[in-house]
Amino acid sequence: MNVGIIGCGTMGSGIAQVAATADCSVMVYDTKQEALDTSKAKLEKVLSRLIEKGRIDEAEKNRIQGNISYVNSLKDLANANLTIEAIVENLEIKRKVFQELESYQSQDAIIASNTSSLSIASIAASLENSERVIGVHFFNPAPLMPLVEIIPAIQTSEEVKNKVVQIISDWKKVGVLAKDTPGFIVNRVARPFYGEALRIYEEGKADFATIDWALEELGGFRMGPFQLMDFIGNDVNYTVTETVFKEFYYDPRYKPSFTQKRLAEAGYLGRKSGKGFYDYGEDSKKATPKKDEELGQEILDRVLVMLINEAADALFLNIATAKDIDLAMTKGVNYPKGLLAWANEKGIDWCVNKMDALYNEYHEDRYRCSPLLRKMNKEEAIFNLS
Ligand code: NAI
C-alpha cells in the first residue's frame, strides 16, 4: 500500500515510521526542506537506538528506511492510497492542502487528518468528494503509543471507515472509533485529571506535590497531574482545555484554570522552559508531598470520580463504546485501569454518592452526575466492557 504523509514534524515523522514498519511504501512531504532533513536524521537515530537495545537488527532498519522516500511536492503523493495529514493546526491551511491534494489523486484515495481539535466534518467539507475523508488521531510518540482514535465525519462513507479500521489494525495499533465531537475520546475524558487537580489546589486543600503523590502512589497513575502538565507544556495543555471548553459552548465542566493560564502567560511552560508548577533548574529543591493517607485518598477519590463521570457521560452521549472508552484511556494515556472498569470496581453507588456529595457542597453544574450513572445505580447495573 502507498501511504502519503503531509507534514513531518513530531507527529508526521512518527506516523511515517509506523507505516514503514508495517511495510507500506511511504512518501513524506513537507514544505520545509529542513523539516524533511530533520525527520530523516531523527529516524536514523531512533532506529539505531533500537538496534543498540536489541529490538531490531540492521536488516530491519534498512527495510524500514528503504520504505520511506522524502519528497518536495504534494504532486508526488498522487499515487497514495491513504494520505495522513499532520501539519499545523489551522483549518484554512489544512483545507487548502486537501483541495490541492484532491486535484492530483484518484477519487478512491483516502485522505485522513491527524488533527486534535478541529472537526473532521469541517475539513472534509473542503473536498469535492468528502466521503473519503476521516480522522486518524495518533498519540505522541506515535511509534510507542498503541492508540489511534478513528473519527468518521458525518460525510465519511462506511467503506472508508471500514478500510481505515483494517489498516490501523494491520499497523498493529489499537484503533477505537470516536464520534466527531470536541476532544474525541481521550482529550475529552482526560480533562478532569488536570481540571479537578487544579481546582483542589486553588481551594488550598493541598499543594502540587501532595496532589501528584496522591494520584501516583495511591491511584497508580504513571505521572501526577502537575508533573504531566509540566511535561506536556502548560501552553499546550491550557490551549487544549480552552479549546474544548469553547467547543462545548462553555459547559462549566470544562472550565480552564487561572492558575495554569498565569503560568502559560508568564512563560512557565514546564520542563521545556525549566520552570512550570515545579522548578527544573540544576540546584532547585525537589518539592516534598505531605504524605497524609486520608487527605491523599480524598484527593484521589475526587479526581477519580470526576474522570469516571466524564467517561460515563461520553458513553451516555454515544461518543464511543464502553470498551473503546476504556481502551482509549489505557492505550492512549497509560491510565492504570479503564475508567468504566474502575467504576465497576468501586461500585456505581459509590460514584453517584461521591458526585452528589460534591454537588451538594458546591452547587455548581460542573459536579452534575451523569444521568447514565444514576440510571445504572437504580437498576443495579454495571458497565458491560466486552
Ligand atoms: P509540528 O509543528 O511538529 O509539525 C508540523 C509540520 O508541518 C512542520 O514540519 C511544518 O513544516 C509542516 N507544514 C506546515 N504547513 C505545511 C503545509 N502547508 N504543507 C506541508 N507541510 C506543512 O506539529 P505536530 O505536533 O506534529 O502536529 C501536527 C498535527 O498533529 C496537528 O494537527 C496537531 O494538532 C496534531 N497532533 C499533535 C500531537 C502532539 O502531541 N504534538 C498529538 C496528536 C495530534
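Before reading further, recall that the structure is shown in the block above.
These lines cover the structure that appears in this document, whether it is placed above or below. Because the structure is predicted, anything quoted here is derived from the model rather than measured. (Residues numbered from 1 in each chain as written. Predicted model: local features only at pLDDT ≥ 70, side-chain atom pairs only at ≥ 80, totals over all residues. Heavy atoms only, no water.)

Topic: a positive patch on the surface
Together, K45, R49, K53 and R55 give the surface a local cluster of positive charge. Here R55 is to be found in the loop between α2 (33–52) and α3 (58–66). (Patch = residues over 30% accessible without salt bridge, like charges linked within 9 Å, V, L, I, M, F, W, Y side chains within 5 Å. Areas by Shrake-Rupley, 256 points an atom, 1.4 Å probe, with all protein chains shown as cover. Salt bridge = Lys/Arg side-chain N within 4 Å of Asp/Glu carboxyl O. Lys, Arg positive; Asp, Glu negative; His and termini not counted. Charge placed at Lys NZ, Arg CZ, Asp CG, Glu CD. Helix = DSSP H or I, 4+ residues; strand = E, 2+ residues; numbered from the N terminus.)

Points about the environment of V97
Relative to the helices and strands, V97 resides in helix α4 (residues 91–104). Setting aside chain neighbours within four positions, we find V97 in contact with I6, L74 and I87. (Contact = heavy atoms within 4.5 Å.)

A few points about the site of the ligand
Taken together, 23 residues are adjacent to the ligand, and T10, M11, D30, E89 and K94 come closest. Side-chain polar atom of D30 to an oxygen atom of the ligand: 2.7 Å apart, as the coordinates give it. Within the complex, 75% of the 840 Å² of free accessible area of the ligand lies under protein. Every element with two or more residues in the shell around the ligand is listed here: α1 (10–21), α4 and β6 (133–138). Ranked by residues supplied to the shell around the ligand, first place goes to α4 with three residues. Residue composition of the shell around the ligand, by class: ten nonpolar, nine polar and four charged. (Near = heavy atom within 4 Å. Polar contact = N/O pair within 3.5 Å; in protein donor to acceptor, adjacent residues only side chain to side chain. Nonpolar A, V, L, I, M, F, W, Y, C, P; charged D, E, K, R; others polar.)

Looking at the packing of helix α8 (residues 191–202) against helix α13 (residues 293–316)
At a closest axis distance of 9 Å, the pairing of α8 and α13 adopts a crossing angle of 145 degrees. Of the two elements, α8 crosses α13, and the hand of that crossing is right-handed. Taken together, the residues of α13 that come into contact with α8 (itself represented by P192, F193, E196, A197, R199 and I200) are I299, R302, V303, M306, L307 and E310. Its residues assigned to classes, the contact of α8 with α13 comprises eight nonpolar, no polar and four charged. (Axes fitted to C-alpha atoms, helices over the stretch in contact; angles between N-to-C directions. Left-handed = near helix turned anticlockwise from the far one by under 90°.)

A word on the packing of aromatic side chains
In the structure shown here, the tally under the stated rule is 14 aromatic pairs. Here the aromatic rings of F193 and Y194 are separated by 5.8 Å at their centres, their planes lie at 80 degrees, and the arrangement is edge-to-face. F193 gets classed as buried once you look at its relative accessible area, which sits at 1%. Between F208 and F226, the ring centres sit 4.7 Å apart and the planes meet at 45 degrees, which makes this aromatic pair tilted. One end of the pair, F208, is in helix α9 (residues 208–218); the other, F226, is in helix α10 (residues 225–232), with 18 residues separating them in the sequence. Linked through ring pairs, F193, Y194, F221, Y335 and W342 together constitute an aromatic cluster. Geometry around Y268 places K275 over its ring, the cationic atom sitting 5.0 Å from the centre. Just above the ring of W350 sits the side chain of K346; from NZ or CZ to the centre is 4.7 Å. (Phe/Tyr/Trp six-rings, centres within 6.5 Å; stacked < 30°, edge-to-face > 60°. Buried < 20%, exposed > 50% of the residue type's maximum accessible area, 1.4 Å probe, protein only. Lys NZ or Arg CZ within 6 Å of the ring centre and 35° of its normal.)

Points about the pattern of salt bridges
Within this structure, the stated rule accounts for 27 salt bridges. Taking the shortest distance from any N to any O, the salt bridge between K94 and E89 comes out at 3.4 Å. You can call K94 buried: its relative accessible area is 1%. For E89, a relative accessible area of 37% gives the class partly exposed. Residues joined by salt bridges that share partners form a network here, namely E196, R199, E203, K205, R302, E364 and R366.

Describing the pairing of β6
When you tally the buried positions in β6, you get six out of six residues, the bulk of the element. Alternating residues of β6 divide into V133, G135 and H137 and I134, V136 and F138, and every residue in both groups is buried. Sheet analysis places strand β5 (residues 110–113) next to β6, joined by three bridges and oriented parallel. Following the sheet pairing, S113 is matched in β6 by G135. Note: β6 against strand β7 (residues 147–152), five bridges, orientation antiparallel. Considered in β7, the bridge of H137 is made with E149. (Pairing = 2+ DSSP bridges.)

Remarks on the environment of N318
The residue N318 is located in the loop between α13 and α14 (322–332) in this model. Note: C-alpha distance between N318 and K290 (28 residues apart in sequence) is 40 Å.

With respect to the nonpolar core
It is characteristic of soluble globular proteins that their nonpolar side chains tend to be buried jointly. Ranked by size, the top nonpolar core spans 86 residues in total, and within it I185, F193, L215, F226, L339 and F383 carry the most contacts. With 13 residues, α13 is the single largest residue contributor to this core. Within the second largest apolar cluster, 36 residues are counted, among which are V3, C8, L82 and V148. (Core = buried A, V, L, I, M, F, W, Y, C linked by side-chain atoms within 4.5 Å.)

Side note on the pairing of strand β8 (residues 174–177)
As paired strands, β7 and β8 are joined by four bridges and run parallel to one another. Note on β8: the bridge partner recorded for L147 is V174. With helix α6 (residues 158–170) bridging β7 and the parallel β8, this β-α-β connection has right-handed handedness. (Right-handed = clockwise from strand over helix to strand, strands pointing away.)

Focus: a nonpolar patch on the surface
Together, F231, I232 and V236 give the surface a local cluster of nonpolar side chains, amounting to about 250 Å² of exposed area. Note on placement: F231 falls in helix α10.

Let's talk about α4
Two residues of an α-helix separated by three or four positions point the same way, owing to the 3.6 residues in each turn. Between its first and last C-alpha, α4 extends 20 Å over 14 residues, near the 20 Å set by a 1.5 Å rise per residue. Those residues of α4 lying buried are K94, V97, F98, L101 and E102. For α4, the angular spread of the buried residues around the axis is 135 degrees, confining them to a single face. In α4, the exposed residues that point more than 90 degrees away from the buried face are E92, K96 and S103. For α4, the N-terminal capping position is held by N90, with its side-chain oxygen 3.0 Å away from the main-chain nitrogen of E92. (Expected span 1.5 Å × (residues − 1). Arc of directions from axis to C-beta.)

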